[in-house]
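Here are the chains, one letter per residue:
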Amino acid sequence: MSLILEAVLEAEDVARVLSELDAAHWAHGKRTAGAAARGVKENLQADNANPRVQALQRFVTDALRRHPMFEIAARPHRISPLLFSRYEPSMNYGAHTDDALMGRGEARLRSDLAFTLFLSASESYEGGGLVIESALGEQEIRLAAGDAILYPAGSIHRVAPVTHGTRIAAVGWVQSTIADAGQREILFDLSVARTRLVEAGGAREEVLRLDKSISNLLRMWAKL
Ligand code: NI
């Protein structure tokens, strides 16, 4: 399941992140690519050893964690350190699939879901869509600044060449407490139904029954 998360960052936060990234050192993205992706990755990445970049990573990750749809769609257990990526004209990231296991030691995680949070205003650059393959064919995603897409890390995906302007985004990966995508979708649907029921002034008894089902499915399926 793929899902668009709207307004993860407000406009003023996007502007602040972009202006701070302006001063960051950008290195070639091949350094952080897995073996399979290295040959097709042509972009730049902000230096994650820089304390100012690390503060931005935390800021954006916290915003994502606060987003109500992120919580129920991803059921996050671990989130990778964010990467801020930058594409200048002619840069692109060819078709690849993400490494299943990432990071070392404490930071080791299984990538169940990937996300891209768009930071550059979509009208400020051309090209640069995130293209995701699914059973229904290719889907090209290009979102407003501050919006994010959550999608299966195991999909084949690419970033189309930027033909004009600069495309800056934050990308990262999530290990879900629910490894199975089908089970995660059942929990997502139940949680959305619960929210709608509460919004429609649903009876306490029905909401309670749904809460019980969601909780007990989590007990059955969640792995910490
Ligand atoms: Ni990828």
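Everything numeric here is computed off the predicted structure, so don't read it as measured data.

Criteria and thresholds
- Going along each chain's sequence as written, the residues are numbered from 1 onward.
- Per-residue local features of the predicted model are confined to residues with pLDDT of at least 70, and side-chain atom pairs are confined, for both listing and counting, to 80 or more; whole-chain, interface and lining totals are unaffected and use all residues.
- Derived side-chain values reflect all non-hydrogen atoms in the structure, with water molecules and hydrogen atoms excluded from consideration.
- Here the coordinating atoms are restricted to nitrogen, oxygen and sulfur within 2.8 Å of the metal centre, or 3.2 Å for Na, K and Ca, and because water is not among them the sites may look incomplete.
- In DSSP terms, a helix is any run of H or I states spanning at least four residues, a strand is any run of E spanning at least two, and both are numbered starting from the N terminus.
- Residue exposure (1.4 Å probe, protein chains only): buried if accessible area is under 20% of the type maximum, exposed if over 50%, otherwise partly exposed.
- Boundaries of every domain are those given by an automatic assignment or by a domain database.
- Every residue pair with non-hydrogen atoms within 4.5 Å of one another is taken to be in contact.
- Buried area: the accessible area, evaluated with a 1.4 Å probe, that two parts lose upon being put together, summed over both parts.
- Here a salt bridge means any side-chain nitrogen of Lys or Arg lying within 4 Å of a carboxyl oxygen belonging to Asp or Glu.
- Polar here means any residue other than Ala, Val, Leu, Ile, Met, Phe, Trp, Tyr, Cys and Pro, which are nonpolar, and Asp, Glu, Lys and Arg, which are charged; Gly is therefore polar.
- Whether two strands pair comes down to DSSP finding at least two bridges between them.
- Distance and chemistry together define a polar contact, namely a pair of N or O atoms within 3.5 Å, with one atom able to donate a hydrogen and the other to accept it when in protein, and with adjacent residues in sequence counting only for side-chain atoms on both sides.

Undergrad: Any details on the coordination of the nickel ion? Residues and values, ideally.
TA: Donor atoms from the polypeptide that bind the nickel ion are H96 (NE2), D98 (OD) and H157 (NE2), placed at 2.1 to 2.2 Å. The sequence pattern formed by the donor residues of the nickel ion is H-x1-D-x58-H. Of the two residues, H96 sits in strand β7 (residues 92-96) while H157 sits in strand β15 (residues 157-159), which places them 61 residues apart along the sequence. Classification of H96 by relative accessible area gives buried; the value is 7%.

Undergrad: Before we move on, could you go through the domain arrangement of the protein chain and cite the residues and values that matter?
TA: Split by domain assignment, the protein chain resolves into domain 1 (3-176) and domain 2 (181-221). At the junction of the two partners, domain 1 supplies nine residues and domain 2 supplies seven residues. Regarding the contact of domain 1 and domain 2, the summed buried area is about 610 Å², with carbon and sulfur atoms giving 67% of it. A per-residue breakdown of the area domain 1 buries against domain 2 is headed by I72, A73 and R75, which together make up 69% of the total. Counting every contact that joins domain 1 to domain 2 gives zero salt bridges. Here the side of domain 1 that touches domain 2 gets four residues from one element, more than from any other, and that element is helix α4 (residues 68-74). Taken together, the residues of the side of domain 1 that touches domain 2 sort by class into six nonpolar, one polar and two charged.

Undergrad: Describe the pairing of strand β13 (residues 137-141), naming the residues involved and giving the relevant values.
TA: Pairing of strand β12 (residues 130-134) with β13 involves five bridges; the strand directions are antiparallel. Each residue of the ladder has a partner; that of L130, found in β13, is I141. Connecting β12 to the antiparallel partner β13 that follows it, the hairpin turn spans two residues.

Undergrad: I'd love a proper account of unusual backbone geometry, names of residues and values included.
TA: Phi is mostly negative for residues that are not glycine, and the peptide bonds are mostly trans. In the Ramachandran plot, A7 falls in the positive-phi region, its phi being about 50 degrees despite a non-glycine side chain. At S90, a residue that is not glycine, the phi angle is positive and equals roughly 80 degrees. Positionally, S90 belongs in the loop between β6 (83-87) and β7.

Undergrad: Describe in detail the side chain of S176, supporting the description with residues and values.
TA: Examined against the element boundaries, S176 turns out to sit in strand β17 (residues 167-176). A relative accessible area of 1% places S176 in the buried class. Within the structure, S176 has its side chain in polar contact with the backbone oxygen of A74 (distance 2.7 Å). When sequence neighbours within four positions are dropped, the list of residues in contact with S176 reads A74, R75, P76, H77, R110, D112 and R184.

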